[in-house]
Amino acid sequence: MKNICVLVSGGGTNLQALIDAQNDGIIKAGRITCVISSKEGAYALERAKKADIPTVVIPRREYADSRSYSEAILEELNRQKADLVVLAGFMTILDECVTKAYPYKIINVHPALIPSFCGEGYYGLKVHEKALEYGVKVSGATVHFVNEEADAGAIIMQDVVKVENGDTPEILQRRIMENVEWKILPRTVALFCEDRITVRDGKAYIDL
Ligand code: GAR
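Residues numbered from 1 in each chain as written. Predicted model: local features only at pLDDT ≥ 70, side-chain atom pairs only at ≥ 80, totals over all residues. Heavy atoms only, no water.

Visitor: What should I look at first to understand the environment of Tyr104 in this one?
Guide: Secondary-structure assignment places Tyr104 in the loop between α4 (96-101) and β5 (106-110). Classification of Tyr104 as partly exposed rests on a relative accessible area of 41%. Separated by 89 residues in sequence, Tyr104 and Leu15 place their C-alpha atoms 20 Å apart. The residues touching Tyr104, leaving out its near neighbours within four places in the chain, are Phe145, Phe192, Val199 and Gly202. (Helix = DSSP H or I, 4+ residues; strand = E, 2+ residues; numbered from the N terminus. Buried < 20%, exposed > 50% of the residue type's maximum accessible area, 1.4 Å probe, protein only. Contact = heavy atoms within 4.5 Å.)

Visitor: I tried to follow the site of the ligand on my own but got confused; where do I start?
Guide: By nearness alone, 14 residues border the ligand, and Gly12, Thr13, Asn14, Gly124 and Glu181 come closest of all. Here an oxygen atom of the ligand and a backbone polar atom of Gly124 are 2.7 Å apart. A distance of 2.7 Å separates an oxygen atom of the ligand from a polar atom in the side chain of Glu181. Protein chains bury 93% of the 450 Å² of accessible surface belonging to the ligand in isolation. Among the elements of the structure, α1 (13-23), β5 and α6 (169-193) are those that each provide at least two residues to the shell around the ligand. Along the lines of polarity and charge, the residues of the shell around the ligand split into six nonpolar, seven polar and one charged. (Near = heavy atom within 4 Å. Polar contact = N/O pair within 3.5 Å; in protein donor to acceptor, adjacent residues only side chain to side chain. Areas by Shrake-Rupley, 256 points an atom, 1.4 Å probe, with all protein chains shown as cover. Nonpolar A, V, L, I, M, F, W, Y, C, P; charged D, E, K, R; others polar.)

Visitor: Looking at this structure, I do not really get the packing of α1 against α6. What am I missing?
Guide: Each pair of packed helices can be described by the angle between their axes along with the distance between the axes. Axis separation between α1 and α6 bottoms out at 9 Å; the angle between their running directions is 50 degrees. When the axis of α1 is compared with that of α6, the two are oblique. The interaxial crossing formed by α1 with α6 has right-handed handedness. Between α1 and α6, the residues in contact are Thr13, Asn14, Ala17, Leu18 and Ala21 and Met177, Glu181, Trp182, Leu185, Pro186 and Val189, respectively. Class assignment of the residues belonging to the contact of α1 with α6 gives a composition of eight nonpolar, two polar and one charged. (Axes fitted to C-alpha atoms, helices over the stretch in contact; angles between N-to-C directions. Parallel < 35°, antiparallel > 145°, perpendicular 65-115°, else oblique. Left-handed = near helix turned anticlockwise from the far one by under 90°.)

So this is what it looks like as structure tokens:
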């Protein structure tokens, strides 16, 4: 059984999708053993508590820089004996001290089709604002491994939705979450825990 640590910053709907997948037996070979939040009062913490999952708050604002914050996160992940780290709406970029300690063991869900609308500054609603501003006709979400560069690790899963006339960032965000994020994130976690994701030449493949 793999220990899964989920890192959150906000509402935690992706965390909820993981909790539901665990309860429904979709995630079989792993358990969410800890939820770590970068913000006090994040609703994701309530979701974890309701599911009897231990929580830890490591507030980003209490640390001077990304390095010292990442060191605190790394210490906690080590204490938790994490086998898989899931960034589920985690709004802080982690320093390489974490990514190097957990190579191909950290995954992130990004609300766009990487390599579009990603990298530093692209998070949450901003991603959808930019996609609508550009005028793309499809968007979607990506689950990928996390490496030293923001949103640049090997892609594991992606799926698309149509952009409709009159979409607002909020409407598009919701459509992408419901139709893509809440499905591909739990699916990826289940496959990872079953050791069914392999990486060759920097690309991720699912063993069917
Ligand atoms: C999700 O859309 C997630 O993809 C995005 O923030 C939202 C968090 O929602 N993450 C990023 O933008 C990270 N770059 P949630 O807290 O309800 O899961």
